[in-house]
There are 2 protein chains.
Amino acid sequence: MLINGVSGDLISIRDRGLLYGDGVFRTLRSAGGRALHWPLHYQKLQHDCATLGITCPDFGRLSAELASLLADHPDAVLKIIVTRGQGMRGYLPTIDAALTHIWDVSPLPVYPASYTTDGVTLGLCTLRLSHQPRLAGIKHLNRLENVLAAAECTDVNEGLLLDIDGFVIEGVRSNLFLISRGRLITPELSRCGVAGVERDRVMNYARQIDMPVEVRNVEFDELLEADEVFLTNSVFGLWPVARIDNTRWLKFNGAASLRAGLENGDIDG
Amino acid sequence: MLINGVSGDLISIRDRGLLYGDGVFRTLRSAGGRALHWPLHYQKLQHDCATLGITCPDFGRLSAELASLLADHPDAVLKIIVTRGQGMRGYLPTIDAALTHIWDVSPLPVYPASYTTDGVTLGLCTLRLSHQPRLAGIKHLNRLENVLAAAECTDVNEGLLLDIDGFVIEGVRSNLFLISRGRLITPELSRCGVAGVERDRVMNYARQIDMPVEVRNVEFDELLEADEVFLTNSVFGLWPVARIDNTRWLKFNGAASLRAGLENGDIDG
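Thresholds applied
- Residues numbered from 1 in each chain as written.
- Chains lettered and ligands numbered in written order.
- Predicted model: local features only at pLDDT ≥ 70, side-chain atom pairs only at ≥ 80, totals over all residues.
- Pairing = 2+ DSSP bridges.
- Helix = DSSP H or I, 4+ residues; strand = E, 2+ residues; numbered from the N terminus.
- Contact = placed C-beta atoms within 7 Å.
- Axes fitted to C-alpha atoms, helices over the stretch in contact; angles between N-to-C directions.
- Expected span 1.5 Å × (residues − 1).
- Buried ≥ 20, exposed ≤ 12 C-beta atoms within 10 Å, placed from the backbone.
- Arc of directions from axis to C-beta.
- Nonpolar A, V, L, I, M, F, W, Y, C, P; charged D, E, K, R; others polar.
- Parallel < 35°, antiparallel > 145°, perpendicular 65-115°, else oblique.
- Least-squares fit on C-alpha atoms with pLDDT ≥ 70 in both.
- Domains from an automatic or database assignment.

### What to know about the sheet that holds strand E2 (residues 6-7) of chain A
All names here are of chain A. Spatially, E2-E1-E7-E6-E4-E5 is the arrangement adopted by the six strands of the open sheet, whose pairing is antiparallel. Pairing within the sheet leaves two strands with one partner each, and these edge strands are E2 and strand E5 (34-35). Packed onto the sheet, helix H3 (residues 59-72) meets strand E1 (2-3), strand E4 (23-31), E5, strand E6 (76-83) and strand E7 (100-107) and runs at close to 25° relative to E7.

Below, the structure written as C-alpha cells:
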C-alpha cells in the first residue's frame, strides 16, 4: 500500500475520509502487469473529485505510483482512494487541507467460470436507494447503502437495487444493462447510483457497432421482460444474469458478443 | 486519542469506517472534568450501532476510557467513533470483524456570548437532504451531505437543511425547534436527519414543565411564522435564531427559559 506516495497502511483518525466519508475511490484490475483502462479510471476519479471540490492528484504522479505497484502485483485488484485529508474540526471543508491519496492492492477474487458462461443470480434488495442529485453517479466514500444492501442479499451472486421510486438502478457492486429487441438499455444515474468505467466502455463499444443505446428510467417489469440482462464491473468484467427471483434467462448471445468485443477490441487506452 | 483503548492516532486504510463510512459517532463535551450527559450519548451510540448491525463496545469499557481522558481534558470536545473495523474486501459486512472504537479530544470552540443571548443567523442551504429511512436519525459516518451543505453556508452561523420534499429538517450540525403559541415543535426525523442528545433533552424537559411537544413535518413557511426558533447541539447547547434570510426575531424568552431549565435542571444522568 502507498499513502501519498509513501509505503504504509495507516492514516490519521482525523482524516475526513474516515470522519465524513469525504472522498472518492476507484477499483481497477491489473492483468499481466498492465492496469486495465487506467486512463478511464483516472478520468472518473478526477470528475468525482471535482464534484466534491477536491483537487485530484495529477495523472503523472498517480501513474508513476501505479507503475511501481504493478511491478510487484501484475495480476491484482487495485484501489485508489482520494480524501480531502485532515482539516479543522467540523463539516466545513478547509481550503488548505492536504489531500490524502491511498493505493491498496488485493489478490484477484476467484469466481467460477460459469458466472461468465451460464450467468449469475440476482436478488432484489429491500433497501431502496435514496435520491441525492449532488452525489449521484460518483463513487464517493459514503457507501452505507451498499453495505446494508450487501448484508441482505447473501444467497445470490449480486443484489439488485431499485431507487425510492421503484426504478431499477444497479447491482450492489455493479452496473446493469438490458438488451431488448437489439437495443442496449441502462438506467439513468442522475439521482443515485455509481457510474462505473465498464458501463462507459460497454456503451462506447455498442455505439461503435451501431447498436442503439438508451440511458433512461427502467421499470422493474421491463427488466424482467428484457431479452437479456447483464452486469458489469471493473474486476469481474461482464456477467450475464441467469435469474432474478423466478424469472430465468437461458441464452446470453448478446452479452457474450459484447463481452468478446470489449475484451478483444481496442476501444480505449 | 485512544484507539481500542490504546493511545494512538492512526487506523488501517482497510478500516470500513474509511472505506465505506461504515460506522457511527457521537460528539459530547466535558465541563469541569465531567462528560456532559454521557449515559444519554452512550444510549444513542448503542442504538445507532444496532441500526447498522454493529455490536457497541460496552458501557463500562467506554466509560473507563472516557474517565482516563477527562483527567487530562476537563473542558474539551470529546468524540467517540465506532466502526465495523476491518474485514474482507467488498461491501458485505463480515460477522467476525473486530470493531474499531476511537476517542478523539479537541479544544472547546470559542463562540461569542451573543450567540446565546442575541441569537444566530441561519442561511438556507440549496442542498436538500435525501430520504433514506434505513439510516434516518442515526449519526453515521456518511456525512457528505453535511460537508456539501457546510461549504455553501459560510456567511451565516449555521446552515438550514430542508429535505427533498421541502420540509424543514435540521441545521448542518444542529437540531432545530420552533416555539409557536406555547407549543414546542421539532421536525420528524424518520426519513433523514440526525437525532441529537440535546434534542431529546429539550423535549424531555418541555414535557416535565407540561409544555406540549409536537414531532412532525414542518413547512418552511411555518418556520418563518414561528414565535421563536432555536438550535441545539451537544457542544454549544442552545442558540436562539435571530434571522433566517429576511425574517428576524428579537425576543427569545421561550428559548432562554428552556436553556435555563436544561442547564439547572436535573433531568438526566
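### Description of helix H8 (residues 253-264) of chain B
Residues and elements named next belong to chain B. Given a rise of 1.5 Å per residue, twelve residues ought to cover 16 Å, and the 16 Å separating the end C-alpha atoms of H8 matches this to within 8%. Along H8, the residues that are buried comprise Gly254, Ala255, Leu258, Arg259 and Leu262. Around the axis of H8, the buried residues are gathered within 130° of arc, so they sit on the same side. Exposed side of H8, more than 90 degrees from the buried face: Asn253, Ala260, Glu263 and Asn264 are the residues found there. Where H8 is buried, its residues contact strand E11 (175-180), helix H6 (197-208), strand E14 (228-233) and strand E15 (237-244).

### Here's the deal with the interface of chain A and chain B
With 43 residues of chain A in contact, the opposing surface of chain B contributes 43 residues. Listing elements by their share of the side of chain A that touches chain B, those giving two or more residues are strand E3 (10-12), helix H1 (16-20), E7 and helix H5 (144-152) of chain A. No other element matches H5 of chain A, which puts seven residues into the side of chain A that touches chain B. Looking at the side of chain A that touches chain B, its residues break down into 22 nonpolar, twelve polar and nine charged. Here E3 of chain A runs beside strand E3 (residues 10-12) of chain B; their pairing, made up of three bridges, is antiparallel. Looking across to E3 of chain B, one finds that Ile11 of chain A is bridged to Ile11 of chain B.

### Concerning the packing of helix H6 (residues 197-208) of chain A against helix H8 (residues 253-264) of chain A
Residue and element names in this part refer to chain A. Relative orientation of the contacting elements H6 and H8 amounts to 100°, with a least axis distance of 10 Å. Judged on the interaxial angle alone, H8 and H6 are roughly perpendicular. Contacts between H6 and H8 involve Arg201, Val202, Tyr205 and Ala206 from the former and Leu258, Gly261 and Leu262 from the latter. Tallied by class, residues from the contact of H6 with H8 come to five nonpolar, one polar and one charged.

### Regarding the sheet that holds strand E6 (residues 76-83) of chain B
All names here are of chain B. A sheet is described by the order of its strands in space; here six strands give the open sequence E2-E1-E7-E6-E4-E5, paired in antiparallel fashion. With one partner strand each, in any of the chains shown, strand E2 (6-7) and strand E5 (34-35) form the two edges of the open sheet. In this sheet, E6 lies alongside strand E4 (residues 23-31) in antiparallel orientation, the contact comprising seven bridges. Looking at E6, one finds that Val24 is bridged to Val82. Across the face of the sheet, helix H2 (residues 38-52) comes into contact with E4, E5 and E6 while running at roughly 175° to E4. Here helix H3 (residues 59-72) sits on the sheet and contacts strand E1 (2-3), E4, E5, E6 and strand E7 (100-107); the angle it forms with E7, its principal contact strand, is near 25°.

### Considering the relation of the copies chain A and chain B
Overlay of chain A on chain B (RMSD 0.0 Å): rotation 180°, translation along the axis 0.0 Å. The superposition of one copy onto the other is thereby described by a two-fold rotation axis. Of the interface residues in chain A, 100% have counterparts in chain B that sit at the interface too, so the contact is made through matching surfaces.

### A look at helix H5 (residues 144-152) of chain B
Across the nine residues of H5 of chain B, seven count as buried, placing the element largely inside the fold. The secondary structure elements touched by the buried residues of H5 of chain B are H1 of chain A together with strand E8 (120-129) and strand E9 (158-163) of chain B.

### Focus on the pairing of strand E10 (residues 168-171) of chain B
On a regular strand, each side chain points to the face opposite its neighbour's, so the side chains alternate between the two faces of the sheet. All names here are of chain B. One ladder, built from three bridges, connects E9 with E10; its direction is antiparallel. In the strand pairing of E10, Leu162 is matched with Val168. If you look at the hairpin formed by E9 and E10, you'll find four residues sitting between the two strands, and Gly166 has a positive phi there, around 90°.

### A short note on unusual backbone geometry
Located in the positive-phi region is Asn4 of chain A, a residue other than glycine, with phi close to 50°. Here Asn4 of chain A is to be found in the loop between E1 and E2. Here His37 of chain B, not a glycine, exhibits a phi torsion of approximately 60°, which is positive. Within the fold, His37 of chain B resides in the loop between E5 and H2. With 21 C-beta atoms packed within 10 Å, His37 of chain B lands in the buried category.

### Thoughts on the environment of Arg207 of chain B
Residues and elements named next belong to chain B. As for its placement among the helices and strands, Arg207 is situated in helix H6. Take Arg207: there are 13 C-beta atoms within 10 Å of it, and that puts it in the partly exposed class. In this structure the C-alpha to C-alpha distance between Arg207 and Ser234, which are 27 residues apart in sequence, comes to 20 Å.

### Digging into the domain arrangement of chain A
Residue and element names in this part refer to chain A. Here the domain parsing of chain A yields domain 1 (2-107) and domain 2 (114-264). Between the C-alpha centres of domain 1 and domain 2 the distance comes to 25 Å. Across the boundary between the two partners, domain 1 contributes 17 residues, which contact ten residues of domain 2. Every element with two or more residues in the side of domain 1 that touches domain 2 is listed here: E4 and helix H2 (38-52). Looking at which element gives the most residues to the side of domain 1 that touches domain 2, the answer is E4, with seven residues. Broken down by class, the residue content of the side of domain 1 that touches domain 2 amounts to six nonpolar, seven polar and four charged.

### A closer look at the environment of Tyr205 of chain A
Residues and elements named next belong to chain A. Considering the arrangement of structural elements, one finds Tyr205 in helix H6. According to the C-beta neighbour criterion, Tyr205 is partly exposed, with 19 such atoms within 10 Å. For Tyr205 and Gly261, which are 56 residues apart along the polypeptide, the C-alpha to C-alpha distance reads 7.4 Å.

### Side note on the pairing of strand E14 (residues 228-233) of chain A
All names here are of chain A. Among the six residues that make up E14, six are buried, leaving the element largely enclosed by the rest of the structure. Side chains of E14 alternate between two faces, with Glu228, Phe230 and Thr232 and Val229, Leu231 and Asn233 buried alike. Two elements, E14 and strand E15 (residues 237-244), share four bridges in a ladder whose sense is antiparallel. Looking at E15, one finds that Leu231 is bridged to Trp239. Between the antiparallel neighbours E14 and E15 lie three residues.

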